[in-house]
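Results of the structural survey
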Amino acid sequence: MIAMDRKTLTPAQRRELIASPAGWIACGFGSGLVPKAQGTAGSLLAILPWLWMRQWPLSVYAWVVVVVFVVGIWACNVAGRKLGVDDHRALVIDEFVGQWIALVPAILAPWWMVLVGFVLFRLFDVGKPWPIGWLDRRLKGGLGVMVDDVVAGLFAAVALGLLARTIGMPLPWR
């Protein structure tokens, strides 16, 4: 293991990530291996399974999010150790979990609310207002990778839910 910066992956590191289950999961099924905007790529890819997940009962949806969160901690721990970096930008399974949380208020909404939820999540994830930035700086390992995106997803979900309620959109918990 050779420590590296947070931006580049060698071809060998890419192969190692996609060859192991933990690496494949941690890099968002390959979406984190795009050359730029890895977090955005992970968030976009997360919408595909969400389109299927939105049909599930809210309790099943929540369990899936929790399971992927726990598996993501494990996968990011393993992949981070292989890369020698706690939170390499290629590790984007956290974007899936955060995006799924952010989109809960959009489960019954039209497509444009999904777009608004995507943008809100990216704004909170990139902007890292308190406590998101604080958590990002202090928590390390797989838990650190995952937790700040969960909180960004919660912030985005609250904002999206308030918007939905303000304009009279149905919410999945009503």
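Look above for the structure.
Here goes a summary of the coordinates provided. (Residues numbered from 1 in each chain as written. Predicted model: local features only at pLDDT ≥ 70, side-chain atom pairs only at ≥ 80, totals over all residues. Heavy atoms only, no water.)

1. A look at the state of the cysteines
- One pass over the full model with this rule turns up zero disulfides.
- Cysteine Cys76 is unpaired, with the sulfur of Cys27 as its nearest cysteine sulfur at 9.5 Å.
- When its relative accessible area of 1% is taken as the criterion, Cys76 is described as buried. (Disulfide = S-S within 2.5 Å. Buried < 20%, exposed > 50% of the residue type's maximum accessible area, 1.4 Å probe, protein only.)

2. Section: the packing of aromatic side chains
- All chains considered together, the criterion is met by five aromatic pairs.
- Seen from their ring centres, Trp24 and Phe29 are 6.4 Å apart, and the 80° between their planes marks the pair as edge-to-face.
- Ring geometry for Phe29 versus Phe96: centroids 5.7 Å apart, planes at 75°, classification edge-to-face. Placement of Phe29 in the loop between helix H2 (21–26) and helix H3 (38–53) and of Phe96 in helix H5 (residues 93–102) is noted, with a sequence separation of 67 residues between them.
- Ring-pair connections join several aromatic residues into one group, and the members of that group are Trp24, Phe29, Phe96 and Trp100. (Phe/Tyr/Trp six-rings, centres within 6.5 Å; stacked < 30°, edge-to-face > 60°. Helix = DSSP H or I, 4+ residues; strand = E, 2+ residues; numbered from the N terminus.)

3. Digging into the side chain of Ser31
- Structurally, Ser31 can be placed in the loop between H2 and H3.
- Among all residues touching Ser31, those that are not within four sequence positions of it are Gln38, Ala41, Gly42, Leu45, Val92 and Phe96. (Contact = heavy atoms within 4.5 Å.)

4. Considerations on the side chain of Glu95
- Within the secondary structure, Glu95 sits in helix H5.
- Under the relative-accessibility criterion, Glu95 is labelled buried at 6%.
- A polar side-chain atom of Glu95 sits 3.0 Å from a polar atom in the side chain of Arg122. (Polar contact = N/O pair within 3.5 Å; in protein donor to acceptor, adjacent residues only side chain to side chain.)

5. Structural notes on helix H8 (residues 141–166)
- If you check H8, its first and last C-alpha atoms are 39 Å apart, about what 26 residues at 1.5 Å a residue would give, namely 38 Å.
- Directly after H8, the chain includes Gly168, whose backbone phi takes a positive value near 80°. (Expected span 1.5 Å × (residues − 1).)

6. Remarks on the packing of H3 against helix H6 (residues 111–127)
- Closest axis-to-axis distance for the H3/H6 pair is 11 Å, and the angle between their directions is 145°. Here H3 and H6 pass one another in a crossing that is right-handed. In this structure, H3 contributes Gly39, Thr40, Ser43, Leu44, Ile47 and Trp50 to the contact, and H6 contributes Val114, Phe118, Phe121 and Arg122.
- Classifying every residue of the contact of H3 with H6 gives six nonpolar, three polar and one charged. (Axes fitted to C-alpha atoms, helices over the stretch in contact; angles between N-to-C directions. Left-handed = near helix turned anticlockwise from the far one by under 90°. Nonpolar A, V, L, I, M, F, W, Y, C, P; charged D, E, K, R; others polar.)

7. A few points about a nonpolar patch on the surface
- Together, Trp111, Trp112, Leu115, Val119, Leu123, Leu163 and Ile167 give the surface a local cluster of nonpolar side chains, amounting to about 700 Å² of exposed area.
- Per-element accounting of the nonpolar patch gives the leading share, five residues, to H6.
- Within the element layout of this structure, Trp112 appears in helix H6.
- Take Trp112: its relative accessible area is 32%, and that puts it in the partly exposed class. (Patch = residues over 30% accessible without salt bridge, like charges linked within 9 Å, V, L, I, M, F, W, Y side chains within 5 Å. Areas by Shrake-Rupley, 256 points an atom, 1.4 Å probe, with all protein chains shown as cover. Salt bridge = Lys/Arg side-chain N within 4 Å of Asp/Glu carboxyl O.)

8. Quick notes on the pattern of salt bridges
- Throughout the structure, instances matching the rule amount to four salt bridges.
- Across the pair Lys128 and Asp125 runs a salt bridge, and its minimum N-O distance is 3.4 Å.
- According to the relative accessible area criterion, Lys128 is partly exposed, its value standing at 26%.
- What you see here is one network of salt bridges that share partners, running through Glu95, Arg122, Asp125, Lys128 and Asp148.

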